[in-house]
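Secondary and tertiary structure notes
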Amino acid sequence: MLQSLQKESGQQPVSEVLPPPQSEETRRSGRVLLVFKAMLQVLLAFAILFGAVKGMNALVASKPDVPKRPIQEKSYAVETISVARADHAPRINVFGETMAGREVELRALVAGEVIEVHPNLKAGGAVKQGDVLVAIDRFDYEGAVTEAEANLAEARAALVESEGRVELEKANMVRAREQLEFAQRDLQRAEDLLGKGAVTERTLDDRKLIVSQRQQSLEQSQNTLALEAARVDQQTAAIKRLEWRLQNAQRQLENTILTAPFDAIVRSEAAELGRLVSVNDAIVSLYDSDAFEVRFTLSDNQYGRLLAETGTVVGRPVEVTWYLGNEPVTFPATVTRIGADVASNRGGVDLIAQIDTTGVDIPLRPGAFVEVALSDRVYPQSFRVPETAYYGGGTVYVVTDSRLEPRDVTSLAIDDGFILVTGALENGETLLTTRIPEAGEGLLVRDIANSAATAE
């Protein structure tokens, strides 16, 4: 029935499609053949690899020998200096600010109208000593001087009159004394004659009356002389008072003119033509154009070192540098005093130095930010070496026969790119100044300066 269905559908019979079944022996021999082929391939690969290794070794063994270049020791091109033992003082560099060494504020000493003003009386203007800065109307003060002179003249005339009366009274007193002496002698004669009966009692009484009158006249002259002398004293006192008033009036007249007390620069002004000023009104503020100071601060350690060396810092020279763009302007200066208080907010002690501006054409001004340099304490018998020559905790290298030798030194102070040291160094030794990371004992170096000289 299956075959009839296959025939109807056009398919072949199953027995015709499937291969005939194999025996167990056939399958076993097939597997053996496959294993043999795999082993043969592995052996062939190993043989090829072994032959390649042997061939490479043979080529390496047959390679001709190449001559080797001799090993050369590396040398470093360096710079050196010759050291010298001496007394060195490092430089202290700080910053400071300039200020006016002398300044004054001129105020009106009299009241009145401003009638004249100096043309340079403006902030920043320059005035010379004796220049009239401001003039106040003089009319009232000239009148006061005239009146004081007149009063003084009258008082002096009255004094002359009083002195004349004094002299007159002195003469009257002399005459009164003479008349009294005459009357006293006449009375004496009358008393002598009365005993002889030559005169009467009445005559004697008349002589006594005359003596009394002469005595009274003398006393009056003495009193008058005392009064006239008192008037002279009063008039003399009045003259002194009037002389003072005249001097005061003259001084007030002089005070109508405000003049510059020294060559100065105008800091501020408050004067205009026609302005009415009162006594004590501020007119102009000036500072001396030739007197400048610089204030700078030293740390406690720096100040202590300077103080310990000399006992004082007053009189120590300093150098002030004012940078105008890239151009430095240098002024010499001298420390004149120490700040009144410790500058705790700046961490040190303020010093004030007087600046010498003579010989410098560029005018200085207050408030300039400047650099101040001064010498620190002196370190005797020390060496001054560049910072690049100092290694580690205290080692420098000297060059001997083109090789480095280490020296142990002790750092004393830093000096603007240099270090002051003391230790196992000798005068004239050649010191390495080039920084070499590989620096060590015996390293071969070549001095650039010596090499250039040899090449020339």
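For the structure, see preceding data.
First, a word on scope: everything that follows refers to the structure included in this document.

1. What to know about the nonpolar core
In terms of nonpolar packing, the biggest core is built from 42 residues, with Leu-121, Val-127, Leu-133, Val-134, Ile-283, Val-284 and Leu-286 touching the most fellow members. Listed by contribution, the elements that provide at least two residues to this core are β8 (132–136), α4 (139–196), α5 (201–254), β10 (264–269) and β12 (282–288). Element by element, the count of residues in this core is highest for α4, at 13 residues. What Ile-283 contacts, discounting residues up to four positions off in sequence, is Leu-106, Arg-107, Ala-108, Val-134, Leu-258, Ser-268, Glu-269, Ala-270, Ala-271, Arg-275 and Val-277. Judged by nonpolar contacts, the second largest core, of 28 residues, contains Val-313, Val-318, Val-320 and Leu-351.

2. Remarks on the sheet that holds strand β7 (residues 126–127)
Pairing in this open sheet of four strands is antiparallel, and the strands run β5-β12-β10-β7 from one edge to the other. Whereas interior strands pair on both sides, the edge strands pair on one side only; in this sheet they are β5 (103–107) and β7.

3. A short note on the pairing of strand β19 (residues 395–400)
The two faces of the sheet receive side chains in turn, since in a regular strand these alternate between them. The buried fraction of β19 amounts to five of the six residues, a majority that puts the element mostly inside the structure. Where β19 lies against strand β20 (residues 403–415), six bridges are found, and the strand directions are antiparallel. Bridge pairing in β20 links Thr-400 to Arg-403.

4. What about the packing of aromatic side chains?
This structure, assessed with the given rule, holds three aromatic pairs. Note on Phe-95 and Phe-369: the rings are 5.2 Å apart at their centroids and 10° apart in plane angle, and the pair reads as stacked. Here the residue Phe-95 occupies a position in strand β4 (residues 91–100), and Phe-369 occupies one in strand β17 (residues 369–375), the gap between them amounting to 274 residues. According to the relative accessible area criterion, Phe-95 is exposed, its value standing at 52%. A residue is classified by how much of its surface remains accessible, and Phe-369, at 59% relative accessible area, is exposed. Measuring from centroid to centroid gives 5.2 Å for Tyr-391 and Tyr-397, while their planes differ by 85°, and the two rings are edge-to-face. Here Tyr-391 matches Tyr-397 in class, with each residue buried. Directly above the ring of Tyr-379 sits Arg-377, whose terminal nitrogen or CZ lies 4.4 Å from the centroid.

5. Concerning the side chain of Arg-407
In this fold, Arg-407 is placed in strand β20. Note on Arg-407: relative accessible area 17%, which makes it buried. Engagement of the side chain of Arg-407 in a polar contact is seen with the side chain of Glu-429, the distance being 3.1 Å.

6. Regarding the environment of Ala-229
Structurally, the position occupied by Ala-229 is in helix α5. Spatially, the C-alpha atoms of Ala-229 and Glu-163 are 7.5 Å apart, while their sequence positions differ by 66 residues.

7. Re a nonpolar patch on the surface
Nonpolar side chains collect at one region of the surface, where Leu-33, Phe-36 and Leu-40 lie side by side and expose about 320 Å² of accessible area between them. On the secondary structure map, Leu-40 appears in helix α3 (residues 24–61).

8. Observations concerning the sheet that holds β17
Taking strand neighbours around the barrel as the criterion, the six strands line up as β4-β13-β16-β15-β14-β17 in a closed arrangement whose pairing is antiparallel. In this sheet, adjacent strand axes meet at a mean angle of 40° when their direction is disregarded. Both strand β14 (residues 317–324) and β17 contribute to a ladder of four bridges, which runs antiparallel. Bridge assignment links Val-318 to a residue of β17, and that residue is Leu-374. Sheet contacts for helix α6 (residues 300–310): β4, β13 (292–299), β15 (327–343), β16 (348–355) and β17; angle to β13, the most-contacted strand, approximately 105°.

9. Remarks on the pattern of salt bridges
A full pass over the atoms with the stated rule returns 18 salt bridges. Close ionic contact of Arg-102 with Asp-288 constitutes a salt bridge, the shortest N to O distance being 2.6 Å. Of this pair, Arg-102 sits in the loop between β4 and β5 while Asp-288 sits in strand β12, and the two are 186 residues apart along the sequence. Classification of Arg-102 by relative accessible area gives partly exposed; the value is 41%. As a salt-bridge pair, Arg-295 and Asp-350 come within 3.4 Å of each other at their nearest N and O atoms. Pair noted here: Arg-295 is in strand β13 and Asp-350 is in strand β16, with a separation of 55 residues, a long-range link.

10. A few points about the layout of surface pockets
For the largest pocket, the calculated volume is near 220 Å³. Ile-265, Ser-289, Asp-290, Pro-363 and Arg-365 are, among the 16 residues lining the largest pocket, the residues nearest its centre. Partitioned by chemical class, the residues of the lining of the largest pocket number nine nonpolar, two polar and five charged.

The rules behind these values
Residues numbered from 1 in each chain as written. Predicted model: local features only at pLDDT ≥ 70, side-chain atom pairs only at ≥ 80, totals over all residues. Heavy atoms only, no water. Core = buried A, V, L, I, M, F, W, Y, C linked by side-chain atoms within 4.5 Å. Buried < 20%, exposed > 50% of the residue type's maximum accessible area, 1.4 Å probe, protein only. Helix = DSSP H or I, 4+ residues; strand = E, 2+ residues; numbered from the N terminus. Contact = heavy atoms within 4.5 Å. Pairing = 2+ DSSP bridges. Phe/Tyr/Trp six-rings, centres within 6.5 Å; stacked < 30°, edge-to-face > 60°. Lys NZ or Arg CZ within 6 Å of the ring centre and 35° of its normal. Polar contact = N/O pair within 3.5 Å; in protein donor to acceptor, adjacent residues only side chain to side chain. Patch = residues over 30% accessible without salt bridge, like charges linked within 9 Å, V, L, I, M, F, W, Y side chains within 5 Å. Areas by Shrake-Rupley, 256 points an atom, 1.4 Å probe, with all protein chains shown as cover. Salt bridge = Lys/Arg side-chain N within 4 Å of Asp/Glu carboxyl O. Axes fitted to C-alpha atoms, helices over the stretch in contact; angles between N-to-C directions. 1 Å grid on protein atoms, 1.4 Å probe; cavity = no way out; pocket = protein on both sides within 12 Å on 5 of 7 lines; lining within 4 Å. Points joined across faces, edges and corners; volume = space filled by probe spheres on them. Nonpolar A, V, L, I, M, F, W, Y, C, P; charged D, E, K, R; others polar.

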